[in-house]
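# Topology and contacts: notes
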Amino acid sequence: MPEMRRYEGRAVLVTGGGSGIGEACCVRLAAEGAKVAVLDIDGAKAEAVAARLGGGAIAVQLDVSDARAVEAAIAEVVRRLGPLKLAVNNAGIGGARLPPEQTPLDQWERTIAVNLSGAFYCMRAEHPHLVATGGGAIVNTASVLSVVASPANPAYVAAKHGILALTRTCALAWGKDGIRVNAVGPGFTPTPLTAGASEEYRAAALAHMALGAFPQPEDVAATVAFLGSDEARATTGALYMVDAGFTIS
Ligand code: NAP
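Figured I'd write up the structure that's included with this text.

Scoring rules and cut-offs
- Residues numbered from 1 in each chain as written.
- Predicted model: local features only at pLDDT ≥ 70, side-chain atom pairs only at ≥ 80, totals over all residues.
- Heavy atoms only, no water.
- Core = buried A, V, L, I, M, F, W, Y, C linked by side-chain atoms within 4.5 Å.
- Buried < 20%, exposed > 50% of the residue type's maximum accessible area, 1.4 Å probe, protein only.
- Phe/Tyr/Trp six-rings, centres within 6.5 Å; stacked < 30°, edge-to-face > 60°.
- Lys NZ or Arg CZ within 6 Å of the ring centre and 35° of its normal.
- Near = heavy atom within 4 Å.
- Polar contact = N/O pair within 3.5 Å; in protein donor to acceptor, adjacent residues only side chain to side chain.
- Areas by Shrake-Rupley, 256 points an atom, 1.4 Å probe, with all protein chains shown as cover.
- 1 Å grid on protein atoms, 1.4 Å probe; cavity = no way out; pocket = protein on both sides within 12 Å on 5 of 7 lines; lining within 4 Å.
- Points joined across faces, edges and corners; volume = space filled by probe spheres on them.
- Helix = DSSP H or I, 4+ residues; strand = E, 2+ residues; numbered from the N terminus.
- Nonpolar A, V, L, I, M, F, W, Y, C, P; charged D, E, K, R; others polar.
- Contact = heavy atoms within 4.5 Å.
- Pairing = 2+ DSSP bridges.
- Axes fitted to C-alpha atoms, helices over the stretch in contact; angles between N-to-C directions.
- Salt bridge = Lys/Arg side-chain N within 4 Å of Asp/Glu carboxyl O.

### Side note on the nonpolar core
Grouped together as the largest cluster of nonpolar side chains are 28 residues, with contacts concentrated most on Leu29, Val36, Val38 and Leu86. Formed by 27 residues, the second largest nonpolar core is a distinct cluster that contains Ala37, Ala87, Ala171 and Trp174.

### Some thoughts on the packing of aromatic side chains
Evaluation of the coordinates by the stated rule reveals three aromatic pairs. Cluster of aromatic residues (ring-pair linked, three or more members): Phe188, Tyr201 and Phe214. The ring of Tyr201 is capped by Arg97, whose NZ or CZ atom sits 4.2 Å from the centre of that ring.

### Considering the site of the ligand
Around the ligand, the surrounding shell holds 29 residues, and the nearest of these are Ser19, Asp40, Tyr156, Thr189 and Thr191. Here a nitrogen atom of the ligand sits 3.2 Å away from a polar atom, N or O, in the main chain of Ile41. A distance of 2.6 Å separates an oxygen atom of the ligand from a polar side-chain atom of Tyr156. With the chains in place, 89% of the 880 Å² that the ligand exposes on its own is no longer accessible.

### Quick notes on empty space enclosed by the protein
Evaluation of the coordinates by the stated rule reveals one cavity of 30 Å³ or more. Counted as a void, the largest cavity has a volume near 40 Å³. For the lining of the largest cavity, the elements supplying multiple residues, two or more each, are α4 (105-133) and α5 (154-174). Taken together, the residues that form the lining of the largest cavity break down as three nonpolar, four polar and one charged.

### Some words on helix α7 (residues 217-227)
Side chains that are three or four residues apart share a direction in an α-helix, a result of its 3.6 residues per turn. Residues of α7 that are buried: Pro217, Val220, Ala221, Thr223, Val224, Ala225 and Leu227. On the buried face of α7, the contacting elements are α1 (20-31), β4 (84-89), β5 (136-141), β6 (179-186) and β7 (239-242).

### Thoughts on the sheet that holds strand β2 (residues 35-40)
Pairing is parallel across the open sheet formed by seven strands, whose spatial order is β3-β2-β1-β4-β5-β6-β7. The open sheet is flanked by β3 (58-61) and β7, the only strands paired with a single partner. If you compare each strand with its neighbour and ignore which way they point, the axes differ by 20° on average. Looking at chain direction, β6 and β7 are connected through four bridges and run parallel. Residue pairing across strands places Gly185 opposite Met241, the latter belonging to β7. Those strands touched by helix α2 (residues 43-53) are β2 and β3, and its axis lies near 160° from that of β2. Packing of α5 onto the sheet brings it into contact with β5, β6 and β7, and relative to β6 it is tilted by some 160°.

### Quick word on the side chain of Ser229
Position of Ser229 relative to the elements: it lies in the loop between α7 and β7. The buried category is assigned to Ser229, whose relative accessible area is 1%. For Ser229, the side chain forms a polar contact with the main-chain oxygen of Phe226, separated by 2.8 Å. If we skip the residues at most four places from it in the chain, Ser229 touches Arg6, Tyr7 and Arg180.

### Quick notes on the pattern of salt bridges
Inspection of the entire model under this criterion finds 10 salt bridges. For Arg6, the salt bridge goes to Glu32, with nearest N and O atoms at 2.8 Å. Here Glu32 lies in the loop between α1 and β2 and Arg6 lies in the segment before β1 (11-15), a separation of 26 residues in the sequence. In this pair, the class of Arg6 matches that of Glu32, namely buried. Note that Glu23 is salt-bridged to Arg52, the shortest N-O span being 2.4 Å. Remark: Arg52 occurs in helix α2 and Glu23 occurs in helix α1; sequence separation between them is 29 residues.

### Some points on the environment of Val36
Turning to its location among the elements, Val36 is positioned in strand β2. The exposure class of Val36 is buried, given its relative accessible area of 1%. Distance in space between the C-alpha atoms of Val36 and Val12 is 5.1 Å, their sequence separation being 24 residues. Ignoring any residue separated from it by four or fewer positions in sequence, one finds Val36 in contact with Val12, Cys26, Leu29, Ala30, Leu53, Ala57, Ile58 and Leu81.

### Things to note about the environment of Ala158
In this fold, Ala158 is placed in helix α5. For the pair Ala158 and Gly54, spaced 104 residues apart in the sequence, the C-alpha separation amounts to 37 Å. Contact partners of Ala158, with chain neighbours within four places excluded, come to Trp108 and Ile112.

Written out as structure tokens, the structure is:
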């Protein structure tokens, strides 16, 4: 864990914080002194992570696809932890790895609702709180699939391309408010989300990684912690890849 304490006493929230990359972000930000709100659709997982963090961490059950629930949850975080300094909008689901013509409509709708609309609802609800704080940062979890396509899983690819568009839009709109909005783009990262991937899929992903190893959740969290910190004060609207070089080949 780092020696740095860039978040000492700062209130931060992480959606999808109960597992994988979100959990690693919670651990990293807490290690740097943050008061962490762990938000997850699975309240028990959020509770377990918050308990492990200690240090005043709280858990809030939230389905990010419910716009009203998002507003209420973020208001609760601010009420319990104080002025919001960083929001990590990370919650996401994998979607169906099927070609466009075979993608069931309900899979399309749920993936867009969670991965794209959910991120928008969060940013929209976070904005007034970050303004009230006097400025702060947002980091959205994008993907390599924000900049390259796949012949399968159209909803996931569209949602992740959309996250980049929203990141840039909000960065332009909110710079005047002292709010920086950036995104992190993981490549294939071992988490519960990717646990079901075939050996063939893993090997194909690895073959395109210049560094020859998968990124780990902690690697993504380290970049999130940088982007959310004052060290990145001149960076907004950016997508930082954490993909071991996947998108450069
Ligand atoms: P993960 O381990 O499954 O963690 C995602 C967490 O979000 C889970 O706890 C999940 O709960 C929760 N969640 C799902 N739907 C939600 C909702 N509607 N509201 C609130 N929370 C919800 O997956 P991960 O790999 O860490 O993924 C985190 C983010 O990274 C996602 O946005 C994903 O698209 C992105 N990403 C991952 C990879 C990768 O290779 N792992 C690569 C690029 C981008 P349940 O488990 O109950 O669904």
